[in-house]
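Residue-level structure breakdown
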Amino acid sequence: MRLFYVGHPRETDLALFAGGELGPLSRWRIEKHLQSCEPCRTAVADFFHLQGDLEELSELPSSVDWAGMSLRIRKAVAEAGETQSDPVRGRFFPKPSAWQLGLATAAIICGFIVVRQFPLPEAEDAVITATDEQNAVSREARTLEGGGALAPGGSAAPSESFSKPSSRDAVSETGGRAANIPAPSAPTGPLGAQRKDAAMNLALDRGVTGRGILREELDQPIGGKKKASADELRRAKASSVPVERQPVSQEEQFASLGASFSMQIAGVGASIAPPTDGSEIVVDVKTDGGVRFRRVDAATGRITITDVYAQ
Amino acid sequence: MRNKATSVLLGFALPAAFAVYSLTMCCAVQAQSVSGPATLWQDPAQAVHVAIAPDIPLSLVSKDLSSTRVQIMGAIMMVDLKCRLEVRNESTSFLRGVVMGVVSAEHSPGGTASVALPSLNIAPDDTTELNVELKLVRPFPPNTDHAVNVDIDGALFTSMVFRGPNEFDSRRKLVVWEMEAERDRRHFKSLLASGGREQLATAMQASVQRQQQRPRLRAELEQQLRKLITTPRPLVRRERRIQVSRHHFPESPLEIVSGSALVEGSRVRTPKITVKNRSQKPVRWYELGWLVSDGDGVRYTAGLMPAPKGWSRLAPGAEASTQSNHSFVLNRGGAAGGLSIDRMSGYVRNVEFEDGIVWIPTRNDLEASSLDRATPVSVEEQRLSRLYGSQGVEAVISELAQF
């Protein structure tokens, strides 16, 4: 396998890429290729926008006798004298060369090393909660600097200038800038942090955090509408039609996932816990990709508004 | 002979070298990180850091992280954050609202969030409980001292006095909610003054009914695979372009000039709305509301449309466009299912001028355009109506008397 494409990728690979079904290396190769290939880019966009076809696929009549159809196909193939034989198997599973064996060995060694370096949690019991001592009450009786107490200001105190909502400047009572507030501990190396976050995004894309499980769960019927079965999805994939996850409402996600960590609201990595106490939640999707939750606590009636940012 | 040597080189020497290199890199990464053992990070006290900026007149009375759970799976850290803080109002004014910023991974989607508690009324020296419940996923090991930082980003006191770093735009959000609260309290107080408790009770019942009957829509963001392939295309199958009509508010400093979106059934792509600043002051920030109607003329709130990213200000007379490259699927849920979008409209939810003054629509604006039936009520109205539902009109009257 070449690192870069000399010609064009196969159409099947483009379809799988559009469906997010490729592995990281293949995806990276195709991304590299797409950067300089307009026709392939168009093809991928076409596949992506063909996702509506899935809805049509999902509405296949339930009365189709798939088992019978499968038998009939097998029978027809057998009659045509085409049976699976060793040569076919040999074509799909050629004898590995020495360097391929070696590379596989190296990969196993590397995998072992990585697992040893970053061990998986032993069990659910391994989760540690803070002890009472660690959560001891820390009283920080703080007085206002300069002994000043808040005085009514008349109107909203303006800040001197505006950059973006992420301004770190504190707004002083008099309208000017106050001393910079110490930011949350910054990464020791910004590039390192970005690389880690990029790895995190990749992991999220690939389902390391359970998105694979999520996808399985999301493929359950929604709102009474029949969805494609696993076999139908497999067939759809085989016929180069990209299989894209059906969007699922927040409430469906709450219902189907329970307290699962893998819950991904609108494709972002943070979410709020599904309400178990009868609290009401209203979800607003923002056009910039963020999500806003308004939660009314059933017991206290207090309203909490959580904004999860896309970036 | 040469072939054999090449085979040996490719088959064993290179993979072995690769393995040694990988081992070295792993060791280097491990040594470079300040993470320490994974079990250390599973301790919530180590993983979660809580802080209050020095200029915020709130003091931390207690913090409880005992229900927080941290799980580490390979290079992924999952934090089920359940943080309960008790803070004391150290100022001489009433505390009206608090916003807490939660940062787990600054550069990842969903790595930052803010948790706001508006519509508070905490007297000086009184304490209140602030709860943060979020599920976070971040890379492991962190390069920082703490995996999750919870900071109080801002606090609003009486007379709209704001304190805090304002990294999450807390000031504008708190001011908007407080202005909406004042507007609605004023409305209910006037009803009480003119028609007594009966009229207030009637208004509360109407509010509860309106909240229950408001047509709800589930707006879902479609998965964005790659920016590369989500570039809007002019010709896509059955899509049609729908123009966005505007809800005109006479006093609004911004006017919706135009807008459109590509619609196909219940799917909306690339909504775009252009606004014009018709005031005399530069605008720092604005937020639009976005509604859709089905064939029966029923209007639904589809979502929020904040000002475009990266912009600085909108000068008087200037225009700005908010466009999203995302694709949304609107669903009524349950048996009603998908929505056939017929029309779309937009309205101005709030505007913040460069001098910090915030504009919100009046109740008359909302009622005149029937938006009060399609849009969610304010946080304060929701709070008061719940109070009415649980404790009756007397509790609402006594609550209104406190402001």
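Predicted, not measured: the structure shown is a model, and the values here were computed from it.

With respect to the overall build of chain B
From N to C terminus, chain B includes 7 helices and 19 strands. Counting only contacts in chain B whose residues sit at least 6 apart along the sequence, the fraction spanning at least 24 positions is 69%. Entry remark: accessible area of chain B is about 15700 Å², with carbon and sulfur atoms responsible for 52%.

Regarding empty space enclosed by the protein
With the rule as written, the count across this model stands at 11 cavities of 30 Å³ or more. What the largest cavity holds in volume is close to 480 Å³. Together, 29 residues line the largest cavity, and E180, R349, P376, V377 and S378 of chain B are the ones closest to its centre. The set of elements that each furnish at least two residues to the lining of the largest cavity consists of β1 (280-285) and β2 (291-296) of chain A together with α4 (170-213), β18 (341-353), α5 (363-368) and α6 (379-391) of chain B. Looking at the lining of the largest cavity, its residues break down into 11 nonpolar, 3 polar and 15 charged. Here the lining of the largest cavity spans two domains, and each of domain 2 (179-212 + 382-400) and domain 3 (216-375) of chain B adds at least three residues to it.

Considering α6 of chain B
For α6 of chain B, which comprises 13 residues, the first-to-last C-alpha distance of 18 Å matches the rise-based estimate of 18 Å (1.5 Å per residue) to within 8%. Those residues of α6 of chain B that fall on the buried side of the exposure criterion are V379, E380, E381, Q382, R383, L384, S385, L387 and Y388 of chain B. Elements that come into contact with the buried residues of α6 of chain B comprise β1, β2 and β3 (303-308) of chain A together with α4, α5 and α7 (393-401) of chain B. Positioned one or two residues after α6 of chain B, G392 of chain B has a phi angle of 90°, which is positive.

Some points on the packing of aromatic side chains
Residues and elements named next belong to chain B. Taken as a whole and assessed by the stated rule, the structure comprises 3 aromatic pairs over all chains. Ring geometry for F249 against Y347: centres 6.4 Å apart, planes inclined by 70°, an arrangement best described as edge-to-face. Remark: Y347 occurs in strand β18 and F249 occurs in the loop between β11 (240-246) and β12 (254-264); sequence separation between them is 98 residues. Residue F249 shares its accessibility class with Y347, and that shared class is buried. An angle of 70° between the planes, with centres 5.5 Å apart, marks the rings of W290 and F328 as edge-to-face.

Thoughts on the environment of S159 of chain B
Residues and elements named next belong to chain B. Secondary-structure assignment places S159 in the loop between β8 (148-157) and β9 (161-163). What makes S159 partly exposed here is its relative accessible area of 32%. With 66 residues separating them along the chain, S159 and S93 place their C-alpha atoms 8.7 Å apart.

Considerations on the pattern of salt bridges
Residue and element names in this part refer to chain B. Evaluated as defined, the whole model comprises 26 salt bridges over all chains. For the salt bridge of E381 with R210, the shortest nitrogen-to-oxygen distance reads 2.8 Å. On the criterion of sequence distance, the pair formed by E381 in helix α6 and R210 in helix α4 is long-range, its members being 171 residues apart. Here E381 matches R210 in class, with each residue buried. For E354, the salt bridge identified is with R313, shortest N-O distance 2.9 Å. With E354 in the loop between β18 and β19 (358-359) and R313 in the loop between β15 (299-306) and β16 (319-323), the pair connects residues that are 41 residues apart, well separated along the chain. Residue classification places E354 among the partly exposed residues on the basis of a relative accessible area of 29%.

Re the confidence of the model for chain A
Residues and elements named next belong to chain A. On average, residues of chain A score 53 in pLDDT, and 32% of them reach the 70 mark or higher. The least confident element of chain A is helix α9 (residues 211-218), whose mean pLDDT is 29; the most confident is β3, at 86. When the criterion is pLDDT under 50, residues 119-229 qualifies, and its contacts beyond four places in sequence or with other chains add up to 232 contacts. Considering only residues more than four positions removed or in separate chains, one finds that residues 236-269, a stretch of pLDDT under 50, has 100 contacts.

Examining unusual backbone geometry
All names here are of chain B. Although it is not a glycine, M160 adopts a positive phi angle of roughly 60°. Take M160: it is sitting in the loop between β8 and β9. Residue N166 is not a glycine yet carries a positive backbone phi of 60°. Here N166 shows up in the loop between β9 and α4.

Notes on helix α2 (residues 24-34) of chain A
Buried within α2 of chain A are the following residues: R27, R29, I30, H33 and L34 of chain A. Seen from one end, α2 of chain A has its buried residues packed into an arc of 160°, which puts them on one side.

Considering the side chain of D80 of chain B
All names here are of chain B. Tracing the sequence through the fold places D80 in strand β4 (residues 76-89). Relative accessible area serves as the criterion here: at 7%, D80 is assigned to the buried category. Among the polar contacts listed, one links the side chain of D80 to the side chain of K82, at a separation of 3.3 Å. There is a polar contact of 3.4 Å between the side chain of D80 and the side chain of K135.

Overview of the nonpolar core
Residues and elements named next belong to chain B. Membership of the largest hydrophobic core comes to 43 residues, with the highest contact counts inside it found for M77, L81, M100, V102, V132, V148 and I152. Beyond its immediate chain neighbours, meaning those up to four positions away, M77 contacts W41, A47, V70, Q71, I72, L136, V137, R138, P139, F140, P142 and A147. Residues M305, A307, L330 and W359 belong to the second largest nonpolar core, which totals 39 residues.

Structural notes on the pairing of strand β6 (residues 112-117) of chain B
Of all 6 residues that make up β6 of chain B, 6 are buried, and the element is covered over most of its length. Side chains T112, S114 and A116 of chain B of β6 of chain B all project onto a buried face; the interleaved residues A113, V115 and L117 of chain B project onto the opposite face, where all are buried too. One ladder, built from 4 bridges, connects β3 of chain A with β6 of chain B; its direction is antiparallel. Counted as the bridge partner of T306 of chain A is V115 of chain B from β6 of chain B. Two strands pair when backbone bridges link them, and strand β5 (residues 95-103) of chain B and β6 of chain B are joined in this way by 6 bridges, in the antiparallel orientation. When the sheet's bridge partners are listed, V102 of chain B is paired in β6 of chain B with A113 of chain B.

Quick look at the side chain of D184 of chain B
Residue and element names in this part refer to chain B. Its location among the elements puts D184 in helix α4. A residue is classified by how much of its surface remains accessible, and D184, at 0% relative accessible area, is buried. D184 has contacts with R363, S378 and E381, leaving out every residue within four places of it along the chain.

Overview of the confidence of the model for chain B
All names here are of chain B. Counting all residues, the mean pLDDT for chain B is 84, and 86% of those residues have values of 70 or more. In this model residues 31-35 is a low-confidence stretch, pLDDT under 50, and it forms 8 contacts with partners more than four residues away in sequence or in other chains. Between residues 224-236, whose pLDDT stays under 50, and residues either more than four places distant or in other chains, the model counts 32 contacts. For this predicted complex, the interface score ipTM comes out at 0.79, while the overall pTM is 0.60.

A few points about the environment of E178 of chain B
Residue and element names in this part refer to chain B. Looking at where E178 falls in the secondary structure, it is placed in helix α4. A sequence separation of 82 residues divides E178 from R96, and the C-alpha atoms of the two residues are 7.4 Å apart. Beyond its immediate sequence surroundings of up to four residues, E178 is in contact with R96, L156, M160 and R185. Side-chain polar atoms of E178 contact the side chain of R185, separated by 3.4 Å.

Basis of the calculations
- Residues numbered from 1 in each chain as written.
- Chains lettered and ligands numbered in written order.
- Predicted model: local features only at pLDDT ≥ 70, side-chain atom pairs only at ≥ 80, totals over all residues.
- Heavy atoms only, no water.
- Helix = DSSP H or I, 4+ residues; strand = E, 2+ residues; numbered from the N terminus.
- Contact = heavy atoms within 4.5 Å.
- Areas by Shrake-Rupley, 256 points an atom, 1.4 Å probe, with all protein chains shown as cover.
- 1 Å grid on protein atoms, 1.4 Å probe; cavity = no way out; pocket = protein on both sides within 12 Å on 5 of 7 lines; lining within 4 Å.
- Points joined across faces, edges and corners; volume = space filled by probe spheres on them.
- Nonpolar A, V, L, I, M, F, W, Y, C, P; charged D, E, K, R; others polar.
- Domains from an automatic or database assignment.
- Expected span 1.5 Å × (residues − 1).
- Buried < 20%, exposed > 50% of the residue type's maximum accessible area, 1.4 Å probe, protein only.
- Phe/Tyr/Trp six-rings, centres within 6.5 Å; stacked < 30°, edge-to-face > 60°.
- Salt bridge = Lys/Arg side-chain N within 4 Å of Asp/Glu carboxyl O.
- pLDDT = per-residue confidence, 0-100.
- Arc of directions from axis to C-beta.
- Polar contact = N/O pair within 3.5 Å; in protein donor to acceptor, adjacent residues only side chain to side chain.
- Core = buried A, V, L, I, M, F, W, Y, C linked by side-chain atoms within 4.5 Å.
- Pairing = 2+ DSSP bridges.

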